[in-house]
Amino acid sequence: MSITTRTSFSALRERALDELVVGAVGAVAVAAFAVLFFAAPRYAVFPAVTLALAVGYGWVRDQAVTARALTLLATVSTVLILGLITVYLLVKALPTFQRMGLGLLVGGAPYWDPGSDVYVLGPMIWGTLVTTLIATAIAGPLGVAGAIFIAEIAPGRVRDVVKPAVEMLAGIPSIVYGFIGFNLINPAMMDYLEVSTLGSLFGVGVVIGVMALPTVVSVAEDAVTSVPAELQDSALALGATDWQTIRNVVVPASFSGLSAAVLLGVGRAIGETMAATVMLGHVKEFPEPFYNVFGNTETLTTLIASQYGSATGDASFTSALFAAGVVLFVTVLVLSVASWRIERRMRARFGGEQ
Amino acid sequence: MSDAYDRRLHRGDGRGGWPSLAYAVVGVGLLSALFGAVTLLDWLTLSSGVGGVEMTTLYGAGLTVAGVATVALGFAAWMGAYETDARERTGIGEGALAGLAAFVVVGLVVSQSLGAGGAVWFLPALLVGAATVFLVGLAPEELGATLPWAALALVAGLAFLTGTFSVGWSWSPEGFGFAFTGIVVVPGLAILTGVLVAWAAAKAAQGFGARGRQAAAYLLIGANAFLMIGLLLALVVFIALRGAPTALEGAHLGPGLSVQIPFVTNGGGLGVEIEGVYPAIVGTFWLVFGALLFAVPLGVGAAVYLSEYATRGRFTTVVDVATDGLWSTPSIVYGLFGYAFLVPRLGNHSSIVAGMLVLGFMLLPLVLITSREAIGSVPEAYRDASVALGVNRWQTVRSVVLPAALPGIITGVILGVGRIAGETAPLILVAAGGLNGRAVHVLRSFRFTGTPPYVANDALLSATNALPYQVYAVLEAGVGGSEAFGWGTAFVLLVLVLCFYGVGIGTRLYFRGKLER
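Residues numbered from 1 in each chain as written. Chains lettered and ligands numbered in written order. Predicted model: local features only at pLDDT ≥ 70, side-chain atom pairs only at ≥ 80, totals over all residues. Heavy atoms only, no water.

Caption draft 1: Structural detail: the overall build of chain B. The secondary structure content of chain B amounts to 18 helices and six strands. A burial count over chain B gives 49% of its 517 residues as buried. Of the roughly 23700 Å² that chain B leaves accessible, carbon and sulfur atoms contribute 69%. (Helix = DSSP H or I, 4+ residues; strand = E, 2+ residues; numbered from the N terminus. Buried < 20%, exposed > 50% of the residue type's maximum accessible area, 1.4 Å probe, protein only. Areas by Shrake-Rupley, 256 points an atom, 1.4 Å probe, with all protein chains shown as cover.)

So, in structure tokens, the structure goes:
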């Protein structure tokens, strides 16, 4: 909040000439850098140096304005990066969309034949769907129950140990899970559950569920603790037990936050790459029969990670991988916007009551 | 806390020894589940099912006794042998659960024993299930809450004792590519029925009613939490057990007080006695360093602008959506973007710089979100006091707000580094390659060139190894790779990442404690 508000033009008029010149030079340098980095990266060094000089001058001359301009630049670049990612994915995937049309999603066998430029993402989408469902079935209920435990039931000292422990365990890298899965879970499933192939959607789903669990627990715990104490106290004043309060007051009140937590877990499960890549056998077909969760197929992420090597040099193959990336990106974006809206609505609902 | 527990005027009022019996059943049920879980893990960690047969008899005995005791508890309560707060009817919720269990059990038994294919089992199972729902739902709570689960435990226990499920047993459902085998089914059933009978007995122990249901629910939730923590701890311990011997091979206290760990300081390749992951560690270090250099100024700068200068409007909404989108984008998509956008502009092959930038893109939303939170949690009073002293906005930010928010920002950065240090997928696409033979020497490779861009660094433009990629490479090498080497690398990676996370969470707790005081 500034004490006086001015329009941008009258503010500009009050600036000295050298400040305006340096400001203009800086702005042009930024634009030039962007353009040159696209077109001819070697020459982008020129606007970069110019920008550095302009910033240096501006810092000495009027630090406040320079700082504001720099931070604005940083903010714009965040939006720019997301825009670039979207644009580049779409541009690279366009040839595949043009060639395959809707058949990309719903085409029939053969599903994946780089030799004859046939790319159908049906089995991969199915694989992603199955593994995500299994992972959510594990991470959702167990995660919410764990969050309720941490937030409501655990005594203080237990909570101080369990909560950081769960957050730390969110950090185990996915390749490590994949290593365990490959060396332990796959052989064990073959030996003891008589699964016929090395790798199955079920095994991958279980591993991804365990990976998504700490995420769900953390976010759900935030949601549960944000339920106002007044609601719980009123229930207790009416003679309810703690469990009745939790079941009938806390959970419904934090339901939006809990759904947001589960959606975040789902988003994490969909985007999981490395553990699935090393655990699955890469068969690009629907399992026989299609509901066989112990079958061995691809997911969208493992497709990209495993086929990347064979795709270098083959433009249409690469484009097909980008198409898979677009499907992935759009799905996760939709989920994240949905969970963000839910969380915003929840905050609005409770913010007003305080 | 609710005071609804201590309504009795004095202890032992009207209950006699029955609660103790109930607690004993809870203990037996939980023990059975615990042993079942440990046996399953034995199945995972060792390759023998040796203890299986005798354990089956133990499970059988324990579950049968628990089942009988629970039945006794139910009937005793119903006949008034001890005082309870049981409801008139068990209710549709528990009835539905019992019906579901009956449906599954009858379905399995019918399809197994009659052997007929198709859906012959469906109708009898449905009928029995529906009947159970009504029977249990309309029964008095003392009976409805205990008998179904006691029956399950009895059936399982007797099945174990009579040797129906033994090590050699196996059943393969149609259409699914797997089989239930005895080695899995025995501990699995022990866990399931043990937990269920403990659940029923917990209700009895607290006299049914609201208190009983609370005790039972808390039992389940507590068991779940115990399971989660135990599982995740077991993971870490397991990796340590498998990886530490390789990683610490040849480690010794060197000259003086220094510690020499060859696994961490050696490279790979021929002629090296103990192959190490030093090049991978160096690669990870440079990648993370570059990512930090890119993401921290951008993220903190953007956070400062959004918190201090911007007014809520369309622009901030767009930035919020963009941040959220960046935060939730899968790592492989970042890899694709780097491959499409960065790699052609940085030499048309994998390079460290491309990896740095891609990891920087991934780190940016993390830093941005945590910095915004940190800056937002600086009290307004600080800013007001600064304005009252006549200081302009930027100087306030620089000398008051940022130092106050610094702990939160640092915590966010540390946690973000922990996350990107373990990322593999984007590296596969843009940065990985290079053998484990030699570490890159970035600092030594700067040189001036005659043409733009006038400064070049061959090391930065070459592909590199990194810890997570090294683990992946071991798996990709298949038979040629060494599993022990992979475990050692995974162990080092895990230690590194957990250190970052531990320090980050520790600093967050420390500073939050300071703020609250």
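Caption draft 2: Summary view of the overall build of chain A. Scanning chain A from N- to C-terminus turns up 15 helices and two strands. Whereas a compact globule of 354 residues would reach a radius of gyration of roughly 20 Å, chain A reaches 26 Å, over 25% beyond that. Each of the three principal axes of chain A carries a C-alpha extent, and together these read 80 × 70 × 35 Å. For chain A, the proportion of its 354 residues judged to be buried stands at 49%. Relative to all contacts within chain A whose residues are 6 or more apart in sequence, the contacts with residues 24 or more apart total 70%. Summed over all atoms, the accessible surface of chain A reaches about 15800 Å², with 68% contributed by carbon and sulfur. Placing the 19 positive and 23 negative side-chain charges of chain A at their respective mean positions leaves the two points 11 Å apart. (Rg over C-alpha atoms; globule rule 2.2 N^0.38 Å. Contact = heavy atoms within 4.5 Å. Lys, Arg positive; Asp, Glu negative; His and termini not counted. Charge placed at Lys NZ, Arg CZ, Asp CG, Glu CD.)

Caption draft 3: Just the packing of helix H10 (residues 278-309) of chain B against helix H15 (residues 393-421) of chain B, in detail. All names here are of chain B. Running from amino to carboxyl end, H10 crosses H15 at an angle of 140°, the nearest separation of the two axes being 9 Å. By the angle between their axes, H10 is oblique relative to H15. Considering the relative orientation of H10 and H15, their crossing is right-handed. Between H10, through Thr 284, Val 288, Ala 291, Leu 292, Val 296, Val 300, Val 304, Glu 308 and Tyr 309, and H15, the contact on the second element is made entirely by Arg 393, Trp 394, Val 397, Val 401, Leu 402, Ile 409, Val 413, Val 417, Ile 420 and Ala 421. Along the lines of polarity and charge, the residues of the contact of H10 with H15 split into 16 nonpolar, one polar and two charged. (Axes fitted to C-alpha atoms, helices over the stretch in contact; angles between N-to-C directions. Parallel < 35°, antiparallel > 145°, perpendicular 65-115°, else oblique. Left-handed = near helix turned anticlockwise from the far one by under 90°. Nonpolar A, V, L, I, M, F, W, Y, C, P; charged D, E, K, R; others polar.)

Caption draft 4: Fine view of helix H17 (residues 467-477) of chain B. A large share of H17 of chain B lies buried, amounting to eight of its 11 residues. Where H17 of chain B is concerned, the buried positions are Leu 467, Pro 468, Tyr 469, Gln 470, Val 471, Tyr 472, Val 474 and Leu 475 of chain B.

Caption draft 5: Structural detail: the packing of aromatic side chains. Residue and element names in this part refer to chain A. Counted under the stated rule, the structure contains 25 aromatic pairs over all chains. Summarising the aromatic geometry, the rings of Phe 33 and Phe 37 are spaced 6.0 Å apart at their centres and angled 20° between planes, so their arrangement reads as stacked. Of this pair, Phe 33 and Phe 37 both sit in helix H2 (residues 17-39), four residues apart, which is roughly one turn of that helix. According to the relative accessible area criterion, Phe 33 is partly exposed, its value standing at 35%. (Phe/Tyr/Trp six-rings, centres within 6.5 Å; stacked < 30°, edge-to-face > 60°.)

Caption draft 6: Structural detail: a nonpolar patch on the surface. On the surface, a cluster of nonpolar side chains totalling about 790 Å² of accessible area is made up of Tyr 43 and Phe 46 of chain A together with Leu 443, Phe 446, Phe 448, Tyr 454 and Val 455 of chain B. Relative to the helices and strands, Phe 446 of chain B resides in strand E5 (residues 446-448). (Patch = residues over 30% accessible without salt bridge, like charges linked within 9 Å, V, L, I, M, F, W, Y side chains within 5 Å. Salt bridge = Lys/Arg side-chain N within 4 Å of Asp/Glu carboxyl O.)

Caption draft 7: Representation of the nonpolar core within the structure. Judged by nonpolar contacts, the single largest core of 158 residues is most densely connected at Ile 85, Trp 112 and Tyr 177 of chain A together with Leu 342 of chain B. In terms of residue count, helix H13 (residues 352-376) of chain B provides more of this core than any other element does, 16 residues in total. In this view, Trp 112 of chain A contacts Val 118, Tyr 119, Val 120, Leu 121, Met 124, Lys 284, Leu 303, Gln 307, Phe 317, Ala 320 and Leu 321 of chain A; residues no more than four positions away in its chain are not counted. Ala 153, Val 186, Ala 200 and Leu 219 of chain B belong to the second largest nonpolar core, which has 39 residues in total. (Core = buried A, V, L, I, M, F, W, Y, C linked by side-chain atoms within 4.5 Å.)

Caption draft 8: Summary view of the interface of chain B and chain A. Contacts between chain B and chain A engage 104 residues on the former and 96 residues on the latter. Approximately 9100 Å² of surface area, both sides summed, lies buried where chain B meets chain A, with 77% of it carried by carbon and sulfur atoms. Between Glu 167 of chain A and Arg 508 of chain B there is a salt bridge, with its nearest N and O atoms 2.9 Å apart. At the junction of chain B and chain A, the tally comes to 12 residue pairs in polar contact (both at pLDDT 80 or more). When residues of the side of chain B that touches chain A are assigned to their parent elements, the largest contribution, 18 residues, is made by helix H8 (residues 209-247) of chain B. For the side of chain B that touches chain A, the per-class residue count stands at 72 nonpolar, 22 polar and 10 charged. (Buried area = accessible area lost by both parts, 1.4 Å probe. Polar contact = N/O pair within 3.5 Å; in protein donor to acceptor, adjacent residues only side chain to side chain.)

Caption draft 9: Structural view of the environment of Thr 131 of chain A. Residue and element names in this part refer to chain A. Mapped onto the secondary structure, Thr 131 falls in helix H6 (residues 122-153). Overall, the relative accessible area of 3% leaves Thr 131 in the buried class. Taking the C-alpha atoms as reference points, Thr 131 and Val 55, separated by 76 residues in sequence, lie 50 Å from one another. If near-sequence neighbours (up to four positions away) are discounted, Thr 131 is found in contact with Leu 201, Val 204, Gly 205, Ile 208 and Thr 299. Polar side-chain contacts of Thr 131 include one of 3.1 Å to the backbone oxygen of Thr 128.

Caption draft 10: Representation of the environment of Leu 121 of chain A. Residues and elements named next belong to chain A. Structurally, Leu 121 can be placed in the loop between strand E2 (118-119) and H6. In this structure Leu 121 comes out as buried when scored by relative accessible area, which is 0%. Sequence separation between Leu 121 and Ala 29 is 92 residues; the distance between their C-alpha atoms is 43 Å.

Caption draft 11: Summary view of unusual backbone geometry. One non-glycine residue, Phe 208 of chain B, lies in positive phi territory at about 55°. Along the chain, the position of Phe 208 of chain B falls in the loop between helix H7 (182-205) and H8.

Caption draft 12: A look at the environment of Ala 348 of chain A. Of note, Ala 348 of chain A is situated in helix H15 (residues 315-351). Through-space distance from the C-alpha of Ala 348 of chain A to that of Val 330 of chain A is 27 Å; in sequence the pair is 18 residues apart.

Caption draft 13: Focus on the pattern of salt bridges. Following the criterion strictly, the structure yields 15 salt bridges over all chains and no others. In this structure, Glu 141 of chain B engages Arg 213 of chain B in a salt bridge whose closest nitrogen and oxygen atoms are separated by 2.8 Å. Of this pair, Glu 141 of chain B sits in helix H5 (residues 141-144) while Arg 213 of chain B sits in helix H8, and the two are 72 residues apart along the sequence. Among the ionic contacts, a cluster of salt bridges with common partners joins Lys 163, Glu 167 and Glu 221 of chain A together with Arg 508 of chain B.

Caption draft 14: Region of the structure containing the side chain of Asn 224 of chain B. Summarising the element assignment, Asn 224 of chain B is placed in helix H8. Using a relative accessible area of 7% as the deciding quantity, one classes Asn 224 of chain B as buried. With residues near it in sequence (within four places) discarded, Asn 224 of chain B still touches Leu 142, Ala 145 and Gly 146 of chain A.

Caption draft 15: Representation of the side chain of Ser 328 of chain B. Within the secondary structure layout, Ser 328 of chain B lies in helix H11 (residues 314-328). In this structure Ser 328 of chain B comes out as buried when scored by relative accessible area, which is 13%. Looking at Ser 328 of chain B, its side chain comes within polar contact range of the side chain of Ser 336 of chain A, at 3.3 Å.

Caption draft 16: Here's a closer look at H2 of chain A. Taking 1.5 Å per residue, 23 residues should reach 33 Å; H2 of chain A reaches 33 Å between its end C-alpha atoms and fits that length. Within H2 of chain A the residues assigned to the buried category are Glu 19, Val 22, Gly 26, Ala 29 and Phe 37 of chain A. Its buried side turned inward, H2 of chain A meets helix H3 (45-61) of chain A together with helix H12 (331-342) of chain B. (Expected span 1.5 Å × (residues − 1).)

Caption draft 17: Broad picture of the packing of H11 of chain B against H13 of chain B. All names here are of chain B. Their axes nearest at 9 Å, the elements H11 and H13 cross at an angle of 130°. By the angle class used here, H11 and H13 are oblique. In terms of crossing hand, the pair formed by H11 and H13 is left-handed. The segment H11 lies against H13, with Asp 320, Thr 323, Leu 326 and Trp 327 engaging Pro 365, Leu 366, Leu 368, Ile 369 and Arg 372. Here the residues of the contact of H11 with H13 sort into six nonpolar, one polar and two charged.

Caption draft 18: Structural detail: the confidence of the model for chain B. Residue and element names in this part refer to chain B. Counting all residues, the mean pLDDT for chain B is 82, and 90% of those residues have values of 70 or more. Of all secondary-structure elements in chain B, the lowest mean pLDDT belongs to strand E4 (residues 259-260), at 74, while H13 reaches the highest, 91. What the predictor reports for the complex is a pTM of 0.85 with an ipTM of 0.86. (pLDDT = per-residue confidence, 0-100.)

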